[in-house]
Amino acid sequence: MKHHFFKPVQLFVGLTEQQTNQDYFLLSSFTSCICSTVVNSTELGGIQKLEMSLLHPRSELAQYKRVVNSQKCVRAGGKHNDLEDVGRDTYHHTFFEMLGNWSFGDYFKEEACSMAWELLTEVYEIPKDRLYVTYFGGDSSLGLNADEECRDIWLCLGVPASHVLPFPLKDNFWEMGDTGPCGPCTEIHYDHVGGGRNAAALVNQGSPDVVEIWNLVFMQYSREVEGNLIPLPQHHVDTGMGLERLVTVLQNKHSNYDTDLFAPILDAIHKGCGGPRYQGLVGEADIGAVNMAYRVVADHVRTLCVCITDGIYPGLSGAELVLRRILRRAVRFCSEVLHAPPGLLASLVPTVVDVLVSKNCYIINENEAAFLSSLERGRRIIERTVQQMEPSMDFPAEVAWSLYGNLGFPLDLIDLMLEEKGIRLDSAAFDELALEDAKVRGTLQLEGENVHLDVHSLAQLHSNNVPVTDDSPKYAYTLGQHGQYEFSPCQATVLMLYRDQSLQEEVGAGQRCGVILDRTNFYAEQGGQASDRGYLMHLGQQDTLFPVESVHLCGGYVIHEVTAVETLRAGDQVQLFVDEAQRLACMINHTATHLLSFALRHILGDNTEQQGSHVTAERLRFDFNTKGPVTMEHLQQVEQVVQEVIKRNEVVHMAEVPLTLARRVQGLRTVDEEYPDPVRIVSLGVPVESVLIHDSEAAMHTSVELCCGTHLLQTGAVEDLAIISERQLAKGISRVIAVTGGQAKQAREVGQYLAMEVDSLSIRLKQGSTSIPEVQNLSKEVGQLTKVVASTAMPQWQRKELQTILKALQRTANTAIKKLEMQQAAEKAQSLLAKHCNQPVIIDTVPADSPSILMKVVNHLCDKSPGTSVLLLSPQASGEVLCACQVSKNCLPMFSAADWATAVCTQMEGKAGGSCVVAKGSGNAKGMQGALTTALAFAQSKL
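Residues numbered from 1 in each chain as written. Predicted model: local features only at pLDDT ≥ 70, side-chain atom pairs only at ≥ 80, totals over all residues. Heavy atoms only, no water.

Digging into the overall build of the chain
Piece 1. Broken down by element type, the chain carries 25 helices and 32 strands.
Piece 2. A total of 943 residues make up the chain; the buried ones form 51% of that total.
Piece 3. The contacts in the chain between residues at least 6 apart in sequence include a share of 70% that link residues at least 24 apart. (Helix = DSSP H or I, 4+ residues; strand = E, 2+ residues; numbered from the N terminus. Buried < 20%, exposed > 50% of the residue type's maximum accessible area, 1.4 Å probe, protein only. Contact = heavy atoms within 4.5 Å.)

See below:
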């Protein structure tokens, strides 16, 4: 079965039962507008459902009730996590393609079951006696009865009663997370052995012979925060069938890895590592876990290719961290089990994908090389720790935490390496360390009050025919004759109030609530732009203001978060006023974001694409992909391009156009998300009508983007833009933070001032002082200025430039100090040699500014007189006495420097330490004379 991983998006809707055939269900497209790869801090993968009721009413998707699709899924974290199972068996994967059909308030259980049965038994001609179906057996603790309706449907379709099996909540009640839509499910399992046997006892028992191939989920409940279940206002169907498992059945194989989806990859692994061929062995039969390694590498390289192609790169947080774990797990199996040479993973990419994807090779190669050295160090640490452990001990959590935090070892990889040695990790202690770290990082944050509409309230608004909010007045602003922006107030009617997850007609004073209006001039947070703030007041009442703290959009309704200062009722007439300064600042920064995006593409190349952005009144943040490092010169050039457009004071053109027409614009910069129809085009300097002309290249030379945000009418109001931060978020992803206007001017002034400070410091260092304290003070100044430069808002290119200079100055200062100390030590040593000519032991006091200088004097004396043992004391102004000593090698092992220094410093109520050759310590000046006597007596006793 020829299978293509990357095809253009295809969407098939409104299918009847007769239309549901093999061609539709084997679509290899990725319908990103219906289902997408979910990415958060705990999970990479799964299904992200867009409830049709939550879509914007103008979205193209809102009309669809029946949909089929194929989606890319990665399950390697969170609630639905298959990572640990991959390789151990023959049918789990981190990446797989989910074939699904969906009903949004249309057909339900009977149609879903009959279509599935028809497809499997009539279209695919899978033997009916090899299929088993399960249904939800009920749960008394939740008050849920068995899904007898589903059971009876299967029986009516001709499935024997012995093949229709009830199972409990954990097997046949589907939930993506702790809250949200959920419901009973019915699964279809396939018996790979067959032969007329009854395999009912093997269903849901983890047997590789009887495997689930299709799950039909009936979304009819919503799990609330308190844990209770509430019926959904509409019933939905969400089914998922794994392509890899289906192909195994259709190709009459027993293992997914024996199909033509994996066989070529396994062959390529064999050629790359030169070891024994893949034999499909599992468990104890798989000596040395070689076959497991084949499966892990084949699975993981597919996941890496798909994720990297979709713009997710190995990194340090969220989805990127999960992908990093997968890559490092694959590297470990390549290196330590298959004994493959470096570069094997990347060499598999052409086998996984017919089209050369050079980015995948580059990223995988670089990450593999980076981890191989860490893997070797980590392996040695584990082996050394195991050798020092008692046989019954658990592996120390502190060592595992060090491997995890310092060498980047994923926890599951540590567990696996310990498991191979028959050792367990002290998981409880490890979890305590993780919790302490989380507290230090401040990751435990209180969840704010949620004013987003829940699905039940949204359904109630629809059933009551409450119209969605007209928010077009948010674009109603003009430039006055003196160049100032004028924002007109907006009059509106309160349609409904929302509080405690329910719609209410009235809210009393002091209560926090969401206010739904028929129209608004407030901007709701979306498209990366922060929401407006401001206030509303009853029409005709000027003395009572209701502050609007934030604004959200949900299913076309704009929710204004308000704390009522007096009673507020549905039907009230209100007047709305946005915070004009905050709105204008957001407009400036949003337009500046478009300028920045254009400038980055202009300087770094057309392949530079936006990966995310956030605009507030204070600053703007912009994430983008890049193949190489962003240099100081790049940042300067980007700022220059932005400043040129600002100086030209280009007109910002905005217009709403049909989505189909907008998609034809050449060079249109969009992000991978769904847009309502019509869409809003923002074009800098070129009228929208011009970029819409057939074959026009006008959009290729300026910034043209789909954007719902509020923008300036002319670019001159930005005044200036300074990039104050640039850092790499993950491999190939950079983040810049920029400020505009007065903040940008201030950042540049601060940068110039700090540059002058660095110049002054450089001149003073070059003057070459002969005083060690003076040079030490200059060194401290370099360190302090380095901290200021690192933490102060200033142009990032200038920060990097000054940091380079300061680093060189620090080296110069350190070299000067060392040179002066050596000179001073040589002079003092020469004087002492003249005083103690040809003596086997030198014991004396000498002025020295630091322990370093004192030790250098001792070393110099011993170098000039190899047979002499030396102990020197140096009283300090603070009352402390420094001690340093070195024993001649001729006196070892009877004479130990560490013992000598300890005896002397103990006499001064101090401490000392070192080796048998050199040692140092300190004590109190009151005991110095006694210490000198002790030093001589100790030396005489050893010689």
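Observations concerning the side chain of Ser255
Piece 1. By secondary structure assignment, the location of Ser255 is in the loop between α5 (243-250) and α6 (263-273).
Piece 2. By relative accessible area, which is 6% here, Ser255 ends up buried.
Piece 3. Separated by 3.0 Å, the side chain of Ser255 and the backbone nitrogen of Tyr257 make a polar contact.
Piece 4. Dropping the residues within four chain positions of it, Ser255 is found in contact with Thr90, Thr248 and Tyr278. (Polar contact = N/O pair within 3.5 Å; in protein donor to acceptor, adjacent residues only side chain to side chain.)

Comments concerning the nonpolar core
Piece 1. If you look at the biggest cluster of nonpolar residues, it comprises 100 residues, and the most contacted ones within it are Leu120, Trp154, Ile188, Trp214, Ile269 and Leu345.
Piece 2. Ranked by residue count, the leading element in this core is helix α7 (residues 290-309), at 13 residues.
Piece 3. Trp154 has contacts with Cys113, Trp117, Val133, Val159, Val164, Thr186 and Ile188, leaving out every residue within four places of it along the chain.
Piece 4. Residues Leu620, Val641, Val652 and Leu684 belong to the second largest nonpolar core, which totals 53 residues. (Core = buried A, V, L, I, M, F, W, Y, C linked by side-chain atoms within 4.5 Å.)

Overview of the pairing of strand β27 (residues 733-740)
Piece 1. β27 sits mainly inside the fold: eight of its eight residues count as buried.
Piece 2. Residues of β27 alternate between two faces, with Ile733, Arg735, Ile737 and Val739 on one and Ser734, Val736, Ala738 and Thr740 on the opposite face, all of them buried.
Piece 3. Summarising the sheet, strand β22 (residues 620-625) and β27 pair through six bridges and their orientation is antiparallel. Residue pairing across strands places Phe622 opposite Val736, the latter belonging to β27.
Piece 4. Note: strand β26 (residues 721-730) against β27, eight bridges, orientation antiparallel. Counted as the bridge partner of Glu726 is Val736 from β27. (Pairing = 2+ DSSP bridges.)

Thoughts on the packing of aromatic side chains
Piece 1. A complete count under the given rule lists 16 aromatic pairs for this structure.
Piece 2. Centroid distance Phe108 to Phe218: 5.6 Å. Interplanar angle 65°. Geometry classified as edge-to-face. Here Phe108 is found in the loop between β3 (95-104) and α2 (109-123), whereas its partner Phe218 is found in strand β8 (residues 210-223), with 110 residues between them in sequence. In terms of burial, Phe108 and Phe218 fall into one category: buried.
Piece 3. Taking the centre distance of 4.7 Å and the plane angle of 50° together, the rings of Phe895 and Trp900 count as tilted. (Phe/Tyr/Trp six-rings, centres within 6.5 Å; stacked < 30°, edge-to-face > 60°.)

Some details on the environment of Tyr485
Piece 1. Looking at the element boundaries, Tyr485 is found in strand β11 (residues 485-487).
Piece 2. Expressed as a C-alpha distance, the spacing of Tyr485 and Leu584, which sit 99 residues apart in the sequence, is 7.9 Å.
Piece 3. Excluding its chain neighbours within four sequence positions, the residues that come into contact with Tyr485 are Tyr477, Thr478, Leu479, Leu584, Met587, Leu712, Leu713 and Gln714.
Piece 4. A distance of 2.8 Å separates a polar atom in the side chain of Tyr485 from the backbone nitrogen of Leu713.

Observations concerning the sheet that holds strand β25 (residues 704-706)
Piece 1. Strand order in the open sheet made by the three strands is β23-β24-β25, with antiparallel pairing throughout. In this open sheet, the two edge strands, each paired with only one partner strand, are β23 (652-657) and β25. Across the sheet, the mean angle from the axis of one strand to that of its neighbour is 20°, orientation sign disregarded.
Piece 2. Two elements, strand β24 (residues 679-684) and β25, share three bridges in a ladder whose sense is antiparallel. By the bridge assignment for β25, Val682 is matched with Glu705.
Piece 3. Across the sheet, helix α16 (residues 580-604) lies against β23, β24 and β25, angled at about 65° from β24, the strand it touches most. (Axes fitted to C-alpha atoms, helices over the stretch in contact; angles between N-to-C directions.)

Considering the pairing of strand β30 (residues 880-886)
Piece 1. With six of its seven residues buried, β30 lies for the most part within the structure.
Piece 2. Looking at chain direction, strand β29 (residues 869-875) and β30 are connected through six bridges and run antiparallel. The residue of β30 that forms the bridge with Val870 is Gln886.
Piece 3. The turn linking β29 back onto β30 is made up of four residues, and Gly879 within it adopts a positive phi angle of 95°.
Piece 4. Bridge count for β30 against strand β32 (residues 918-924) is seven bridges, and the pairing is antiparallel. Paired with Leu882 across the bridge in β32 is Ser922.

Looking at the packing of α16 against helix α17 (residues 632-648)
Piece 1. Two numbers describe how α16 lies on α17: the axes approach to 9 Å, and their chain directions differ by 130°. Classified by the angle their axes make, α16 and α17 are oblique. Considering how the two elements wind past one another, α16 and α17 form a crossing that is right-handed. Where α16 abuts α17, its residues Leu595, Leu596, Phe598, Ala599, Leu600, His602, Ile603 and Leu604 lie against His634, Gln637, Val638, Val641, Val642, Val645 and Ile646.
Piece 2. Classifying every residue of the contact of α16 with α17 gives 12 nonpolar, three polar and no charged. (Parallel < 35°, antiparallel > 145°, perpendicular 65-115°, else oblique. Left-handed = near helix turned anticlockwise from the far one by under 90°. Nonpolar A, V, L, I, M, F, W, Y, C, P; charged D, E, K, R; others polar.)

Digging into the sheet that holds β27
Remark on secondary structure: sheet strands pair via backbone hydrogen bonds, oriented parallel or antiparallel.
Piece 1. Ordered by their spatial adjacency, four strands build an open sheet running β21-β22-β27-β26, and the pairing between neighbours is antiparallel. Pairing within the sheet leaves two strands with one partner each, and these edge strands are β21 (610-615) and β26. Across the sheet, the axes of successive neighbouring strands diverge by a mean angle of 15°, strand direction being ignored.
Piece 2. Sheet strands touched by α16: β21, β22, β26 and β27. Its angle to β22, the strand with the most contacts, is close to 25°.

Focus: helix α23 (residues 851-864)
Piece 1. With 14 residues, α23 should cover 20 Å at 1.5 Å per step; its first-to-last C-alpha distance of 20 Å lies within 8% of that length.
Piece 2. Buried within α23 we find Ile853, Leu854, Met855, Lys856, Val857, Val858, Leu861 and Cys862.
Piece 3. Tucked inside the fold, the buried residues of α23 contact α21 (772-791), α22 (796-835), β28 (841-845), β29, β30 and β32. (Expected span 1.5 Å × (residues − 1).)

What to know about the UniProt feature "binding site: Zn(2+)" (unreviewed entry) in the chain
Piece 1. UniProt annotation of "binding site: Zn(2+)" (unreviewed entry) refers to His590, His594, Cys707 and His711 when read in the numbering used here. Annotated residues spanning 122 residues; largest pairwise C-alpha distance 9.9 Å, indicating a single compact cluster.
Piece 2. Relative to the elements of secondary structure, His590 occurs in helix α16.
Piece 3. You can call His590 buried: its relative accessible area is 4%.
Piece 4. Sequence-distant contacts of His590, defined by excluding residues within four places in its chain, comprise Gly527, Gln529, Val615, Cys707, Gly709, Thr710 and His711.
Piece 5. There is a polar contact of 2.6 Å between the side chain of His590 and the side chain of Gln529.
Piece 6. By secondary structure assignment, the location of His594 is in helix α16.
Piece 7. Apart from residues lying up to four places away in sequence, His594 is in contact with Val682, Leu684, Ser703, Glu705, Cys707 and His711. (UniProt positions renumbered as here; feature names shortened; annotations may be inferred.)

Looking at the pattern of salt bridges
Piece 1. Applying the stated criterion across every chain, the model contains 35 salt bridges.
Piece 2. Residue Arg380 is joined to Glu376 by a salt bridge in which the shortest nitrogen-to-oxygen separation is 3.3 Å. Taken together, the positions of Arg380 and Glu376, both in helix α11 (residues 358-388) and four residues apart, correspond to about one turn of that helix.
Piece 3. A relative accessible area of 30% means that Glu376 is categorised as partly exposed.
Piece 4. The partner of Arg764 in a salt bridge is Glu781, and the shortest N-O contact between them spans 2.9 Å. Here Arg764 is found in helix α20 (residues 741-766), whereas its partner Glu781 is found in helix α21, with 17 residues between them in sequence.
Piece 5. Look at Arg764 and you get partly exposed, because its relative accessible area is 31%.
Piece 6. Given a relative accessible area of 29%, Glu781 falls into the partly exposed group.
Piece 7. One network of salt bridges, with partners in common, ties together Arg332, Glu336, Glu376, Arg379, Arg380, Glu383 and Glu420. (Salt bridge = Lys/Arg side-chain N within 4 Å of Asp/Glu carboxyl O.)

Examining the packing of helix α24 (residues 897-907) against helix α25 (residues 928-942)
Piece 1. It is at 8 Å that the axes of α24 and α25 come closest, and there the two elements cross at 150°. The pairing of α24 with α25 is recorded here as roughly antiparallel in orientation. Crossing of α24 against α25: the hand is right-handed. On the side of α24, the interface is formed by Asp899, Trp900, Ala903, Val904 and Gln907, while α25 contributes Gly930, Ala931, Thr934, Ala935, Phe938 and Ala939.
Piece 2. Considered class by class, the residues forming the contact of α24 with α25 number seven nonpolar, three polar and one charged.

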